[in-house]
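For reference, the chains in residue letters:
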Amino acid sequence: MTDDELRAKLEQVSFATLGHFLEEGFVAHEVRSMLSGVKVVGRAFTLRVANADAYAVNRALASLAEGEVLVIDMQGDHHHACVGTVTSCAATTRGAKAIVVDGVVTDIVELRAAGLPIFARGTSLLTTKLRSDPESALGLPIQCGGVTVQPGDWVLGDDNGLLIANGAVLSAVIDTALASDAAEPALIKRMQDGEPLEKVLRMPQLCLKP
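Residues numbered from 1 in each chain as written. Predicted model: local features only at pLDDT ≥ 70, side-chain atom pairs only at ≥ 80, totals over all residues. Heavy atoms only, no water.

Peer 1: Give a detailed account of a nonpolar patch on the surface, specifying residues and quantitative values.
Peer 2: There is a patch of nonpolar side chains on the surface, built from Leu187, Ile188, Met191, Leu197 and Leu201 and spanning about 380 Å² of accessible area. For the nonpolar patch, the element with the highest residue contribution is helix 6 (residues 167-192), accounting for three residues. Inspection of the secondary structure assignment puts Leu197 in helix 7 (residues 197-200). Among the residues examined, Leu197 registers a relative accessible area of 43% and is labelled partly exposed. (Patch = residues over 30% accessible without salt bridge, like charges linked within 9 Å, V, L, I, M, F, W, Y side chains within 5 Å. Areas by Shrake-Rupley, 256 points an atom, 1.4 Å probe, with all protein chains shown as cover. Salt bridge = Lys/Arg side-chain N within 4 Å of Asp/Glu carboxyl O. Helix = DSSP H or I, 4+ residues; strand = E, 2+ residues; numbered from the N terminus. Buried < 20%, exposed > 50% of the residue type's maximum accessible area, 1.4 Å probe, protein only.)

Here it is, written out as structure tokens:
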């Protein structure tokens with residue numbers, strides 16, 4: 001399956017359906033969408049930020065390619081916001097699909113008005129500082145909400161959460177997930193029509209001890 005074919009299928013599938021067939025790659029629920037009604041499919045551009053280094057974020061923004069998702073590892077710093085109005089605007093001008101921060105953001109009203117999907121743990125008034133730290137780095141494996149993110153991994157996000165995985169993992173289940181999505185309307189109609197749930201949901205017969 002080519003990348004373009006996989007992308008097209010990922011844009012169709014319900015990400016929660018993928019949760020029926022995968023166990024790994026699901027980012028901790030604390031990292032959630034700051035906007036409503038979003039759906040993101042893009043490739044990860046990774047950034048590790050050390051010591052509230054704002055210049056590292058700027059370097060990452062200047063390096064973004066169209067269609068990428070900037071994924072930021074704040075290395076446990078959930079106090080300094082590294083994304084705000086200017087960051088969102090810069091990412092948009094680069095053609096980014098979204099920004100994901102394992103940390104906090106600021107300017108939430110402006111971020112929501114701008115419309116670029118943003119995922120984070122929450123908001124803060126405390127922000128990164130105009131300084132550089134040699135421990136900051138671009139384009140390397142990072143951690144995000146308990147998931148190891150490799151540069152180029154697929155980032156899938158909506159109002160329910162985030163899934164980050166490589167193409168091989170997603171290709172193995174995408175057709176099964178799409179088939180499950182296609183079958184769901186008929187399943188719901190059968191329940192609405194009063195068909196017994198035991199039959200509709202194919203509940204297994206349990207051997208209960210007396």
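Past the structure itself, the notes keep going.
Peer 1: Tell me about the side chain of Asp153, residues and numbers included.
Peer 2: Structurally, Asp153 can be placed in the loop between strand 10 (147-149) and strand 11 (154-158). At 2.9 Å, the side chain of Asp153 forms a polar contact with the backbone nitrogen of Gln150. Residue contacts for Asp153: discarding those within four places in its chain leaves Gly42, Arg43, Ala44, Thr148, Ile164, Ala165 and Asn166. (Polar contact = N/O pair within 3.5 Å; in protein donor to acceptor, adjacent residues only side chain to side chain. Contact = heavy atoms within 4.5 Å.)

Peer 1: How would you summarise the nonpolar core if you had to cite specific residues and measurements?
Peer 2: Generally speaking, soluble globular proteins have nonpolar side chains that are buried together. Core analysis: the largest hydrophobic core is formed by 44 residues, its most contacted members being Leu70, Val71, Ile72, Ile99, Val100, Val101 and Ile118. Apart from the residues lying within four places of it in its own chain, the contact partners of Ile118 are Arg32, Ser33, Met34, Leu35, Val83, Ile99, Val105 and Leu111. Of all hydrophobic cores here, the second largest spans 16 residues; its members include Leu6, Leu156, Leu163 and Ile174. (Core = buried A, V, L, I, M, F, W, Y, C linked by side-chain atoms within 4.5 Å.)

Peer 1: Describe the pairing of strand 2 (residues 39-48), with residues and values.
Peer 2: The element strand 2 is extensively covered by neighbouring structure, given that seven of its 10 residues are classed as buried. Of the pairings in the sheet, the one linking strand 2 to strand 11 comprises five bridges and is antiparallel in character. Residue Lys39 lies in a different strand from strand 11, and its bridge partner there is Asp158. Two strands pair when backbone bridges link them, and strand 2 and strand 3 (residues 68-73) are joined in this way by six bridges, in the parallel orientation. In the sheet register, Ala44 faces strand 3, and the bridge partner there is Val69. (Pairing = 2+ DSSP bridges.)

Peer 1: Before we move on, could you go through the environment of Ala113 and cite the residues and values that matter?
Peer 2: With respect to the helices and strands, the residue Ala113 is situated in helix 5 (residues 108-114). Note on Ala113: relative accessible area 69%, which makes it exposed. With 28 residues separating them in the primary sequence, Ala113 and Thr85 have C-alpha atoms 9.7 Å apart.

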